[in-house]
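# Coordinate analysis (summary)
Each chain is listed here by its residues.
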Amino acid sequence: MSPHTTRLVRLPRLKVAAVGVTTALALTACGGQAASDSGSDDAPQGVVSKAAAKKIADHYEEVNNKANAAQDEKLLGTVEAGQVYAMDKATYTLFETWPKKEQKAYAKPFSYRDREYVIPRKGTATWFAVRAKSSENTENSVLLVFDKVGGTYKMVLALWADGEEPPKPALDRHGLAEAVDPGTKVGKLAPSDIGAAYADFLETGGKKKGKALTSTEPVENAGKTYQRSSTEGAAGGKATERFFAKTPADPSVYALRTADGGVLALFPAAHKQESLLKESYRSIADLVPNDEQSALGATRGALITDVFEGQGLAELTPKSARITAVDFQHVDAR
C-alpha cells in the first residue's frame, strides 16, 4: 500500500461521436496502549505478543517498500491479502497512467511511526491491528489490520483517519483488546451490515439498508453521487449511469470494542458502475474508455462497466452507525 491518505477515484471520460464529454466522480477517502508482554505464566496471552506484532509490521514495511519500487505484484502478495491486496494490485496496473510526480512519490520508501499495537486475547480472534502514522503523513493516523492467511500474517485492511480520529480501543488490565463478533448487532446494524448499507446509498440514495446509517460526510457524498447519476447520467445525458453493490474481493469484517463502550468496525466494500449509452445514440456513437479504463481492460462500445474495491471505518453505538472514512480503488473496467 501507499502512505497517502486518499486514493483518487478517476471515472470515465466519455466521448460521443466527435464531441468529447467528460464525467468524473470522487468518493471521499478516502485508514490505546500497547499490549502487554508480561512474563507471568498466568497472564492471558494475546493473539501474538507485542514483539511478534512489531516484527510482522517491520517485515511488511520492508517488503512493501521493495514491492512498490519494483511494481512487483508477486512480492507484494507475500505480505498483503484481502481488500488491500486487491486494491494495490490494481494500483500497480494503473501506475503508468499517473503523472511522473505521483509515480515518484508512490515509489518512495516510507515507514510507520508512533505505533500502537492493538492485540486481542488469544482464542478470541486470529488478527491484530496497528495504529500508526506514516513518515510521509504525520498528521493523520492509519489503522492497519493483520490477519493470518495461509499460515502467514498479512495486512488485509488499512484505513486512514480522514480528519476524524477513531476512538481508542478498550483494553483490559493486561493491555489486551476486545474483539467483537462482526455479526453482533449494535443498535440497528452489525459490523458485517455496514458495507451493504453504504452501497445502498450509491444504488438507491439510502432508501433501503442505508436508512440505518447516521449522516456523515462519506454517506452524504454517496447520496450525492446517486442523485447526480440518476438525474444527469453520463456523457452529457446521452448515457445512463447506475451503481450496483457487489461482493468484496474479501468479505472479512473486523471489529473492536472501544473505550467509550461502542464498537469500531473495519469493513470491506465494493460496487460496480455501469455507463450505458441510450438506445437512440447507439447507432451513431460509442463510449470511449479513458487511459485508466483502457489499462484495466475496457474497450469502446455502448456499455462500460467499472469495478471498485474498497474499505471503510465505522463507529457503532446503540444509537448510531457512523461511517467516518471510506477508500476505494478502481480495479477493473470492461
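Residues numbered from 1 in each chain as written. Predicted model: local features only at pLDDT ≥ 70, side-chain atom pairs only at ≥ 80, totals over all residues. Heavy atoms only, no water.

A volume near 40 Å³ is recorded for the largest cavity. Classifying every residue of the lining of the largest cavity by side-chain character gives seven nonpolar, no polar and one charged. What the second largest cavity holds in volume is close to 30 Å³. Taken together, Gly82, Gln83, Val156, Leu157, Asp250, Ser252 and Tyr254 make up the full set of residues lining the second largest cavity. Among the secondary structure elements, those contributing two or more residues to the lining of the second largest cavity are α3 (82-94) and β6 (152-160). (1 Å grid on protein atoms, 1.4 Å probe; cavity = no way out; pocket = protein on both sides within 12 Å on 5 of 7 lines; lining within 4 Å. Points joined across faces, edges and corners; volume = space filled by probe spheres on them. Nonpolar A, V, L, I, M, F, W, Y, C, P; charged D, E, K, R; others polar. Helix = DSSP H or I, 4+ residues; strand = E, 2+ residues; numbered from the N terminus.)

Here the focus is the confidence of the model for the chain. Looking at the chain, the pLDDT average stands at 88 and 88% of residues meet or exceed 70. Contacts of residues 2-36 to residues separated by more than four positions or lying in other chains number 122 contacts, the stretch itself having pLDDT below 50. (pLDDT = per-residue confidence, 0-100. Contact = heavy atoms within 4.5 Å.)

Time to look at the packing of aromatic side chains. Throughout the structure, instances matching the rule amount to ten aromatic pairs. Consider the rings of tyrosine 92 and tyrosine 106, whose centres lie 6.5 Å apart with planes at 90°: the pair is edge-to-face. Of this pair, tyrosine 92 sits in helix α3 while tyrosine 106 sits in helix α4 (residues 100-107), and the two are 14 residues apart along the sequence. The burial state of tyrosine 92 is the same as that of tyrosine 106; both residues are buried. For the ring pair phenylalanine 95 and tryptophan 98, a centre distance of 5.6 Å and an interplane angle of 50° mean the geometry is tilted. Overall, phenylalanine 95 belongs to the buried group, its relative accessible area being 9%. The rings of Tyr60, Phe128, Phe146 and Tyr153 are connected pair by pair, giving a single aromatic cluster. (Phe/Tyr/Trp six-rings, centres within 6.5 Å; stacked < 30°, edge-to-face > 60°. Buried < 20%, exposed > 50% of the residue type's maximum accessible area, 1.4 Å probe, protein only.)

This part takes up the pattern of salt bridges. Enumeration according to the criterion identifies 13 salt bridges in this entry. Put simply, glutamate 241 and arginine 228 hold a salt bridge, and the shortest N to O gap is 2.6 Å. Of the two residues, glutamate 241 sits in strand β7 (residues 239-245) while arginine 228 sits in helix α6 (residues 217-232), which places them 13 residues apart along the sequence. The closest approach of N and O atoms between arginine 334 and aspartate 332, which form a salt bridge, is 2.9 Å. Residue classification places aspartate 332 among the partly exposed positions, given a relative accessible area of 23%. (Salt bridge = Lys/Arg side-chain N within 4 Å of Asp/Glu carboxyl O.)

Glancing now at helix α1 (residues 50-70). End to end, α1 covers 30 Å across 21 residues, agreeing with the expected 30 Å (1.5 Å per residue, within 8%). Immediately beyond the C-terminal end of α1, within one or two residues, lies glutamine 71, with a positive phi of roughly 55°. (Expected span 1.5 Å × (residues − 1).)

This part takes up α6. In a regular helix each residue adds 1.5 Å, so 16 residues correspond to 22 Å; α6 covers 22 Å between its end C-alpha atoms and thus fits that length. The complete set of buried residues in α6 reads Pro218, Val219, Asn221, Ala222, Gly223, Thr225, Tyr226, Arg228 and Ser229. On the buried face of α6, the contacting elements are α5 (194-204), β7 and β11 (320-333).

By size, the foremost hydrophobic cluster in this structure holds 41 residues, and its most contacted members are Tyr112, Trp127, Phe128, Leu144, Phe146 and Met155. Elements supplying a minimum of two residues to this core: α1, β3 (112-118), β4 (127-134), β5 (137-149), β6, β8 (254-257) and β9 (263-277). The biggest single contributor to this core is β6, with seven residues. Counting residues in hydrophobic clusters, the runner-up holds 24 residues, among them Val186, Leu213, Val253 and Ile323. (Core = buried A, V, L, I, M, F, W, Y, C linked by side-chain atoms within 4.5 Å.)

The residue aspartate 114 is not glycine, and still its phi comes out positive at about 50°. Turning to its location among the elements, aspartate 114 is positioned in strand β3. Residue class for aspartate 114 comes out exposed when judged on its relative accessible area of 62%. Positive phi, normally seen in glycine, also occurs at alanine 235, with a value near 50°. Its place among the elements puts alanine 235 in the loop between α6 and β7. Using a relative accessible area of 0% as the deciding quantity, one classes alanine 235 as buried.

Attention shifts here to the sheet that holds β6. Taken together, four strands build an open sheet; the order of strands is β3-β4-β5-β6 and the sheet is antiparallel. Of all strands in the sheet, those with a lone pairing partner are β3 and β6, marking the two edges. This sheet shows a mean twist of 25° between the axes of neighbouring strands, independent of strand direction. Here β3 pairs with β4 via five bridges, running antiparallel. Bridge pairing in β4 links glutamate 116 to arginine 131. Packing of α1 onto the sheet brings it into contact with β3, β4, β5 and β6, and relative to β3 it is tilted by some 140°. (Pairing = 2+ DSSP bridges. Axes fitted to C-alpha atoms, helices over the stretch in contact; angles between N-to-C directions.)

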